[in-house]
Amino acid sequence: MKRTDLLLRSFTGRVILASCSLMTVFGAVQSISAVAEQRGPVQRVVQGKVVDAEGTAVKGAVVYLKDDHSLAVKSYFSDDAGGYRFGQLVQNTDYEIWAESNGKKSGVKTISSFDNKNQFYIDLKISK
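Definitions and cut-offs
- Residues numbered from 1 in each chain as written.
- Predicted model: local features only at pLDDT ≥ 70, side-chain atom pairs only at ≥ 80, totals over all residues.
- Heavy atoms only, no water.
- Helix = DSSP H or I, 4+ residues; strand = E, 2+ residues; numbered from the N terminus.
- Buried < 20%, exposed > 50% of the residue type's maximum accessible area, 1.4 Å probe, protein only.
- Contact = heavy atoms within 4.5 Å.
- Areas by Shrake-Rupley, 256 points an atom, 1.4 Å probe, with all protein chains shown as cover.
- Pairing = 2+ DSSP bridges.
- Phe/Tyr/Trp six-rings, centres within 6.5 Å; stacked < 30°, edge-to-face > 60°.
- Polar contact = N/O pair within 3.5 Å; in protein donor to acceptor, adjacent residues only side chain to side chain.
- Core = buried A, V, L, I, M, F, W, Y, C linked by side-chain atoms within 4.5 Å.
- Salt bridge = Lys/Arg side-chain N within 4 Å of Asp/Glu carboxyl O.

**Examining the overall build of the protein chain**
Here is step 1 of the chain: Scanning the protein chain for helices and strands turns up two helices and nine strands.
Here is step 2 of the chain: In sequence order, the protein chain lays out its α and β elements as α-α-β-β-β-β-β-β-β-β-β.
Here is step 3 of the chain: For the protein chain, buried positions account for 25% of its 128 residues.
Here is step 4 of the chain: Across the protein chain, every contact between residues at least 6 apart in sequence was considered, and the portion connecting residues at least 24 apart equals 56%.
Here is step 5 of the chain: Approximately 9,100 Å² of the protein chain is accessible, and the part contributed by carbon and sulfur atoms is 57%.

Pasting the structure below:
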């Protein structure tokens, strides 16, 4: 019998083989986590349009985004097409979003931290 066959069949050989296998798996896990850290955390984006009861875009409406964790509120004026966009939202935080224009307010929509999407399209309808 060859020496390598004897070594693999012995207890010491099995321990050496198991150790090498564990080191290989551990190295692979480390490299995968290093790649994930380089990419950084995934950021969320919410965007959409502000429209009136007829579906016409509302220019200059104020869109509010409230962070339910810190209670901080960001605002954005809708563009000529009624569009708005908030980026760099934290994955594990709930948000509330609504719009106001000329004293009228849309319904409040919620973005849940349990929703695994990273891109949200929400149209906000301001009633008469």
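**As for the pairing of strand S3 (residues 73-77)**
Here is step 1 of the chain: Bridge analysis of strand S2 (residues 62-67) against S3 gives five bridges, and the strand direction is antiparallel. Among the inter-strand pairings, Lys66 is bridged to a residue of S3, identified as Val73.
Here is step 2 of the chain: Hairpin connection, S2 to S3: the antiparallel pair is bridged by five residues, and Leu71 has positive phi, about 70°.

**Observations regarding the pairing of S2**
Here is step 1 of the chain: Examined bridge by bridge, S2 and strand S5 (residues 95-101) share six bridges and lie antiparallel to one another. Residue pairing across strands places Asp67 opposite Tyr95, the latter belonging to S5.

**Concerning the packing of aromatic side chains**
Here is step 1 of the chain: If you walk through the whole model with that rule in mind, you get three aromatic pairs.
Here is step 2 of the chain: The interplanar angle of 25° and the centroid separation of 5.4 Å between the aromatic rings of Tyr64 and Trp98 together place this pair among those described as stacked. Here Tyr64 is found in strand S2, whereas its partner Trp98 is found in strand S5, with 34 residues between them in sequence.
Here is step 3 of the chain: Exposure remark for Tyr64: the relative accessible area of 24% places this residue in the partly exposed category.
Here is step 4 of the chain: Among the residues examined, Trp98 registers a relative accessible area of 12% and is labelled buried.

**Here we look at the side chain of Gln47**
Here is step 1 of the chain: Secondary-structure assignment places Gln47 in strand S1 (residues 44-51).
Here is step 2 of the chain: For Gln47, a relative accessible area of 19% corresponds to the buried category.
Here is step 3 of the chain: Here Tyr121 takes part through its side chain, which lies 3.4 Å from a polar atom of the side chain of Gln47.
Here is step 4 of the chain: When neighbours within four sequence positions are excluded, Gln47 is seen to be in contact with Tyr84, Arg85, Gln119, Phe120, Tyr121 and Ile122.

**Notes on the nonpolar core**
Here is step 1 of the chain: By size, the foremost hydrophobic cluster in this structure holds 17 residues, and its most contacted members are Val46, Val50, Val63, Tyr84, Phe86, Ile97 and Ile122.
Here is step 2 of the chain: When residues of this core are traced back to their parent elements, those giving at least two are S1, S2, strand S4 (83-89) and S5.
Here is step 3 of the chain: Every residue in contact with Ile97, bar those within four places of it in the chain, is listed here: Val46, Val63, Tyr64, Leu65, Tyr84, Phe86, Gly107, Val108, Lys109, Ile122 and Leu124.

**Some remarks on the side chain of Thr93**
Here is step 1 of the chain: When you line up the elements, Thr93 lands in the loop between S4 and S5.
Here is step 2 of the chain: Excluding its chain neighbours within four sequence positions, the residues that come into contact with Thr93 are Arg44, Asp67, Asp68, His69, Ile111 and Ser113.

**So, the pattern of salt bridges**
Here is step 1 of the chain: Considering all chains together, one arrives at one salt bridge under this definition.
Here is step 2 of the chain: Put simply, Asp80 and Lys59 hold a salt bridge, and the shortest N to O gap is 3.3 Å. In this pair, Asp80 is assigned in the loop between S3 and S4 and Lys59 in the loop between S1 and S2, connecting sequence segments 21 residues apart. Each member of the pair, Asp80 as well as Lys59, carries the same accessibility label: exposed.

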